[in-house]
Amino acid sequence: MFTLDWSFLSKKVVGTQTYFSWLMTAWETTLTISLFAFIIAFTLGFLMGVLRTTQNKYLVLIGNIWTEIFRNIPVLVQIFLWYFVIPKIFPIFSKLPAFALAVIALGLFTSSRISEQVRAGIQSIPTDQRYASLALGLTTYQSYRFVLLPVAFRLVLPPLTSEAMNIIKNSSVAFAVSIAELTMYAIQVQEETARGIEVYLVVTALYFISALIVNLISIVVEKSIQIPHFIGGRK
Amino acid sequence: MKNKFVHNALVFFAIFTMTITGAMANTLEKAKTTGKFTLAYRESSIPFSYLGEDGKPLGFGWEMCKLIAEEVKKETGRKDLVVESQAVTSQNRIPLIQNGTVDVECGSTTNNSERGKQVTFAINYFYTGTRFLVKADSGIKSINDLKGKKVVSTTGTTNYQILRNLNDEKKYGFELLGAKDHADALLMVESGMANAFGMDDILLYGLKASSKESAKLAVVGESIQVEPYAIMFRKDDPKFQALVNKVITNSIKTGEFEKAYKKWFQTNIPPKNVNLNAPMSKELKDNLKALSDKPAL
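Per chain, the residues get numbers from 1 upward, laid out in the order the sequence is written. The lettering of chains begins at A and the numbering of ligands begins at 1, in the order of writing. Local features in this predicted model are restricted to residues of pLDDT 70 or higher, and side-chain atom pairs are both shown and tallied only at a pLDDT of 80 or more, whereas totals for entire chains, interfaces and linings draw on every residue.

Peer 1: Before we move on, could you go through the interface of chain B and chain A and cite the residues and values that matter?
Peer 2: By definition, residues are in contact whenever their C-beta atoms, placed on the basis of the backbone, come within 7 Å of each other. Taken together, the contacts link 16 residues of chain B with 12 residues of chain A. Strands here are runs of E lasting at least two residues and helices are runs of H or I lasting at least four, both read from the DSSP assignment and numbered beginning at the N terminus. Of all the secondary-structure elements, those providing two or more residues to the side of chain B that touches chain A are α6 (158–170) and β10 (175–179) of chain B. For the side of chain B that touches chain A, the leading source of residues is α6(B), giving 6 residues. Split by residue class, the side of chain B that touches chain A holds 5 nonpolar, 8 polar and 3 charged. Nonpolar residues are Ala, Val, Leu, Ile, Met, Phe, Trp, Tyr, Cys and Pro. Charged residues are Asp, Glu, Lys and Arg, and all others, Gly as well, are polar.

Peer 1: Describe helix α3 (residues 60–76) of chain B, and please don't skip the residues or the numbers.
Peer 2: Along an α-helix, residues three or four positions apart point the same way, because every turn accommodates 3.6 residues. All names here are of chain B. Here a helix's expected span is defined as the number of its residues, less one, multiplied by 1.5 Å. The terminal C-alpha atoms of α3, which comprises 17 residues, lie 25 Å apart, in line with the 24 Å expected from a rise of 1.5 Å per residue. Residue burial here comes from a neighbour count, namely the number of other C-beta atoms, placed from the backbone, that lie within 10 Å of the residue's own C-beta, with 20 or more meaning buried, 12 or fewer meaning exposed, and in between meaning partly exposed. Along α3, the positions that sit buried rather than exposed are F60, G61, W62, E63, M64, C65, I68, A69 and V72. One or two steps after α3, the chain reaches G77, where phi turns positive at roughly 75°.

Peer 1: Now, about the nonpolar core: what can you tell me, with residues and values included?
Peer 2: A:I79, A:A102 and A:A174 are the most contacted members of the largest nonpolar core, which totals 49 residues. If you list the elements that add at least two residues to this core, you get α1 (19–51), α2 (57–71), α3 (75–89), α4 (98–123), α6 (140–170), α7 (182–193) and α8 (196–224) of chain A. Top contributing element to this core by residue count: α4(A), with 10 residues. The residues contacting A:A102, other than those within four sequence positions of it, are A:I33, A:I79, A:A174, A:V177 and A:I179. Only buried residues count toward a nonpolar core: Ala, Val, Leu, Ile, Met, Phe, Trp, Tyr and Cys, linked into one set through C-beta atoms within 7 Å. B:V134, B:V189, B:A209 and B:V219 belong to the second-largest nonpolar core, a separate cluster that totals 39 residues.

Peer 1: Hey, could you go over the sheet that holds strand β2 (residues 44–45) of chain B for me, with residue numbers and the actual values?
Peer 2: Residue and element names in this part refer to chain B. DSSP bridges decide pairing: two strands pair if at least two such bridges lie between them. As summarised here, the arrangement of the 3 strands in space is β2-β3-β4, forming an open sheet in which the pairing is antiparallel. Lying at the two open borders of the sheet, with one neighbouring strand each, are β2 and β4 (57–58). Relative to strand β3 (residues 49–51), β2 is paired through 2 bridges, and the arrangement is antiparallel. Residue S45 lies in a different strand from β3, and its bridge partner there is S49.

Peer 1: Break down the packing of α4(A) against α6(A) for me, citing the residues and quoting the values.
Peer 2: Residues and elements named next belong to chain A. Fitted lines through C-alpha atoms serve as axes, helices being fitted only where they are in contact, and the angles separating the N-to-C directions of these axes extend from 0 to 180 degrees. Between α4 and α6, whose axes approach to 9 Å, the crossing angle comes to 150°. In this view, α4 runs roughly antiparallel relative to α6, as classed from their interaxial angle. In terms of crossing hand, the pair formed by α4 and α6 is right-handed. Of α6, the residues touching α4 (which contributes L106, T110, R113, I114, Q117, V118, G121 and I122) are L148, A152, L155, V156, P159, L160, E163, I167 and N170. Throughout this description, any angle smaller than 35 degrees is read as roughly parallel, any larger than 145 degrees as roughly antiparallel, any in the 65 to 115 degree range as roughly perpendicular, and the remainder as oblique. Helix crossings get a hand from a simple test, with the near helix turned counterclockwise from the far one by less than a right angle marking a left-handed crossing and a clockwise turn marking a right-handed one.

This is the structure in structure tokens:
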């Protein structure tokens with residue numbers, strides 16, 4: 001029916017930039033947003049998840065509120081809140097570039113999901129282990145550090161992989177706050193080149209490849225930290 | 001959904017009939033024999049052609065279309081001529097003209113040479129170019145004031161492309177951002193996230209009119225890459241072309257054109273009862289004398 005024409009990729013946009021080099025810049029932006037957002041999401045998500053399993057009800061409450069706030073608001077709405085509303089209330093945020101606001105929004109949204117997975121991971125460990133470690137004279141910190149978290153981390157690695165892949169796909173909402181990432185590239189370039197099918201094909205492929213790379217990394221990590229006879233461990 | 005289905009079915013049917021009847025070259029002949037004349041309208045091209053609250057088309061272009069229908073009645077000598085209307089979109093307007101589903105479209109269609117290969121355009125009846133929507137107190141008066149400023153345009157438009165290329169060629173030194181849609185771009189200017197919104201000026205006037213802070217906004221700058229809008233009909237039909245151009249020329253000469261312009265661009269219009277406050281551009285004023293149908297590139 002139709003023939004694919006990829007010649008637009010080598011056409012000049014401005015200066016030395018071609019549609020191909022623009023595509024690569026856009027991909028880089030998508031990956032950079034995702035990476036920084038995941039660092040935030042992982043750090044805060046892990047912290048909040050752990051807080052929610054402690055014996056201190058105030059810490060549990062903080063963790064719960066955090067999780068519910070960021071989990072119950074759609075990510076697109078959150079990104080608009082960070083971009084349009086928060087800087088009006090706290091002027092300090094208006095000094096941050098849109099890129100940072102998008103990273104924060106995406107990172108906090110995903111942190112609530114990671115917090116939920118970490119909580120579930122820790123709670124799936126039999127309570128005997130917690131009590132046993134405390135009975136051995138370990139402090140709460142030590143029981144988490146040496147007994148609960150090493151197991152819990154291995155348990156939550158598969159869902160964490162999903163979250164890391166999700167963050168790459170969700171990063172497309174950053175387009176809504178004027179960040180020139182892959183989705184923005186797709187929408188603008190299909191108008192400029194009238195090669196909509198090719199543009200969406202190549203952008204789809206890049207999203208797919210990005211998620212696949214995350215998956216491969218996680219397989220390597222999972223292999224390197226596995227415990228024999230434990231979940232995902234050597235048989 | 002249902003509308004879309006009906007619409008798709010219509011398009012399919014239209015294309016199907018075209019293939020069996022062949023394109024009809026002579027619009028007047030067709031109107032005379034079939035007793036029907038079909039005007040195309042757009043659903044939301046304010047103020048050119050759009051649906052009012054009663055679901056009936058209205059607008060600046062629509063009035064022109066009705067004048068043309070009157071003239072067709074006279075020319076064909078059929079007082080019983082049935083004037084029908086059919087909605088078109090920017091995707092299907094050209095195919096529907098070509099296959100005879102509609103006879104003439106008076107909307108916001110840019111007259112460019114690429115389209116000129118497929119259809120014929122009448123005398124240009126509006127001009128729009130990329131200009132900037134800014135806060136009235138921003139001190140920005142032209143593109144030269146944008147150095148170091150943030151300029152937003154809507155992603156997926158040629159305006160974004162034009163501004164990017166111009167910024168590269170002439171080194172205006174602004175930062176170009178892409179917004180998700182027109183409404184977002186407006187919000188970015190209102191909230192100070194961007195200093196200017198570069199877009200077709202007629203769209204800017206419409207957005208400004210619908211904004212709550214209308215008085216605090218201004219449309220500024222010289223038009224960049226001016227493009228004409230024109231009434232569109234089938235190619236290779238000199239008789240009909242002459243008729244349409246005669247209607248436009250007459251309305252210009254009798255002052256009716258300017259009256260219609262004032263009505264649709266400079267007074268309150270439905271559905272929101274806002275005034276676009278869009279003064280007649282220099283290009284249009286010139287063309288009311290030149291009566292040219294010259295396309296944009």
